[in-house]
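# Topology and contacts: notes
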Amino acid sequence: MNILLIGAPGSGKGTESELLSKEYNFTQLSTGDLFRTNISNKTKLGLKAQEYMTKGIYVPDDVTNDMVKDYLQTKNSGLIFDGYPRTLDQAKALDQMLSDLNQKLDYVVHIDVKESVLLQRLSGRLVCEVCKRSFHKINRKPKVENVCDFDGGKLITREDDQEDKIKVRLKVYNEQTSPLINYYREQNKLVEVDGNVKSAIDFHKELVEALKL
Ligand code: AMP
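Residues numbered from 1 in each chain as written. Predicted model: local features only at pLDDT ≥ 70, side-chain atom pairs only at ≥ 80, totals over all residues. Heavy atoms only, no water.

Inclusion rule: UniProt positions are given in the numbering used here, feature names are shortened, and annotations may be inferred rather than shown by experiment.
The name given to the protein chain in an unreviewed UniProt entry is Adenylate kinase, with the source organism recorded as Spiroplasma tabanidicola. Taken verbatim from the UniProt record of the protein chain, the Sequence similarities (unreviewed entry) comment is "Belongs to the adenylate kinase family." The UniProt entry for the protein chain carries this comment under Pathway (unreviewed entry): "Purine metabolism; AMP biosynthesis via salvage pathway; AMP from ADP: step 1/1."

Here it is as structure tokens:
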């Protein structure tokens, strides 16, 4: 089974992908994480992606689709797509890539979160440099300041979690990614979940029920 999580930056896609992966043995395919790994390793792809990511805008579709196509050659089922596709062209490309591999997306989950909640989450977000888990300066403080509870990694603020970048990212999401909700509704794959106020654990329970896992 393959699942896609669609939601604005800060909607909890990453946290939820991690919980589903651990509990149901999915593998998380996060294009944001793949780009960041390429940036750390200073690859050609990383250098290209960095230009766009630091501005808070999307990496071009052809670059992103090629990276995902390579990934799918080694693994193409039991995946949770986190942050891909993000445009209609990417969605169409993914449908084709999966169908060429006799695979498909089974469920598309739209995590709906109000903009005020997203802004509050993103502006306080801290991420572990090592395992990428998220914390929050006020709502989900680590036990030791700026140190990951899980592996002792350093907690950092992502460059694109600065206020001016957050605004751009939310605008880009509304313009380019939200049309995907209708695209998948028309394919009868859409599961809508309210991600506003619940804790990550309550939200997770609700999603597991909705997906009948
Ligand atoms: P994320 O970690 O998912 O919030 O992604 C961080 C940044 O990586 C985004 O703001 C984009 O610049 C880039 N990115 C990640 N996934 C995609 C995608 N599917 N298409 C284009 N750009 C992406």
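### What to know about the site of the ligand
Operational definition: The criterion for a residue being near a molecule or strand is simple. One of its heavy atoms has to lie within 4 Å of it. Polar contact criterion, stated in full: a pair of N or O atoms within 3.5 Å, where within protein one must be able to donate a hydrogen and the other to accept it, and residues adjacent in sequence count only if both atoms are side-chain atoms. Numbering goes from the N terminus for both helices and strands, where a helix is a DSSP run of H or I of at least four residues and a strand is a run of E of at least two. Classification convention: Asp, Glu, Lys, Arg as charged; Ala, Val, Leu, Ile, Met, Phe, Trp, Tyr, Cys, Pro as nonpolar; all other residues, Gly among them, as polar.
In the region of the ligand, 16 residues are neighbours, and T31, R36, I57, G83 and R86 sit closest. Note that a nitrogen atom of the ligand is positioned 2.9 Å from one of the backbone N or O atoms of G83. At 2.7 Å, a side-chain N or O of R86 approaches a nitrogen atom of the ligand. At 4 residues, helix α2 (residues 31–40) tops the list of elements feeding residues into the shell around the ligand. Among the residues making up the shell around the ligand, the classes are represented as 6 nonpolar, 5 polar and 5 charged.

### Remarks on the UniProt feature "binding site: AMP" (unreviewed entry) in the protein chain
Rules: Burial classification: accessible surface area is computed with a 1.4 Å probe over protein chains only, and a residue below 20% of its type maximum counts as buried, one above 50% as exposed, and the rest as partly exposed. Note on definitions: a residue-residue contact is assigned when non-hydrogen atoms from the two residues lie within 4.5 Å.
The UniProt feature table records "binding site: AMP" (unreviewed entry) at T31, R36, I57, Y58, V59, G83, Y84, P85, R86, Q90, R158 and R169. In three dimensions, the annotated residues from a span of 139 residues occupy distinct locations, with a maximal C-alpha spread of 24.6 Å. Turning to its location among the elements, R36 is positioned in helix α2. With a relative accessible area of 23%, R36 lands in the partly exposed category. When residues no more than four places from it in sequence are discounted, the contact partners of R36 are M53 and R158.

### What to know about the confidence of the model for the protein chain
In plain terms, the rule: Think of pLDDT as the predictor's per-residue confidence, scored from 0 to 100.
Across the protein chain, the average pLDDT comes to 95, with 100% of residues at or above 70. Confidence, read as mean pLDDT per element, is least for helix α9 (residues 200–211) in the protein chain (90) and greatest for helix α5 (residues 88–100) (98).

### A look at the pattern of salt bridges
Two side chains carrying opposite charge are able to pair once their charged atoms lie near each other. The cut-off we apply is this: Definition used for salt bridges: Asp or Glu carboxyl oxygen within 4 Å of a side-chain nitrogen of Lys or Arg.
The full count for this structure, using the stated rule, is 10 salt bridges. Across the pair R158 and D160 runs a salt bridge whose closest N-O atoms are separated by 3.0 Å. For the residue pair R158 and D160, the accessibility class agrees, reading buried in each case. Salt-bridge contacts for K167 lead to E163; the nearest nitrogen and oxygen are separated by 3.7 Å. With K167 and E163 both in helix α7 (residues 163–177) and 4 residues apart, this pair spans about one turn of that helix. For E163, a relative accessible area of 56% gives the class exposed. Here the residues in one salt-bridge network are R125, R158, D160, D161 and R169, joined through shared partners.

### Notes on unusual backbone geometry
Excluding glycine, residues mostly carry a negative phi; peptide bonds, for their part, are mostly trans. Cis geometry marks the peptide bond from Y84 to P85; its omega dihedral reads -5°. Mapped onto the elements of the fold, P85 is located in the loop between β3 (79–82) and α5. Phi angles above zero are rare outside glycine, and N146 is one such case at about 60°. With respect to the secondary-structure elements, N146 resides in the loop between β6 (134–136) and β7 (155–156). Its relative accessible area of 37% is what places N146 among the partly exposed residues. Look at K212: it is not a glycine, yet its phi comes out positive at around 50°. Topologically, K212 is positioned in the segment after α9.

### Quick look at the nonpolar core
Put simply, the rule reads: Take the buried residues of types Ala, Val, Leu, Ile, Met, Phe, Trp, Tyr and Cys, join any two whose side-chain atoms come within 4.5 Å, and each joined set is a nonpolar core.
Counting 42 residues, the largest nonpolar core has L72, F81, L105, V109 and Y184 as its most contacted members. Those residues within four positions of F81 in sequence are excluded, and the remaining contacts are N2, I3, L4, L5, L29, L72, L94 and L105. By size, the runner-up hydrophobic cluster in this structure holds 6 residues, among which are F35, A49, V59 and V63.

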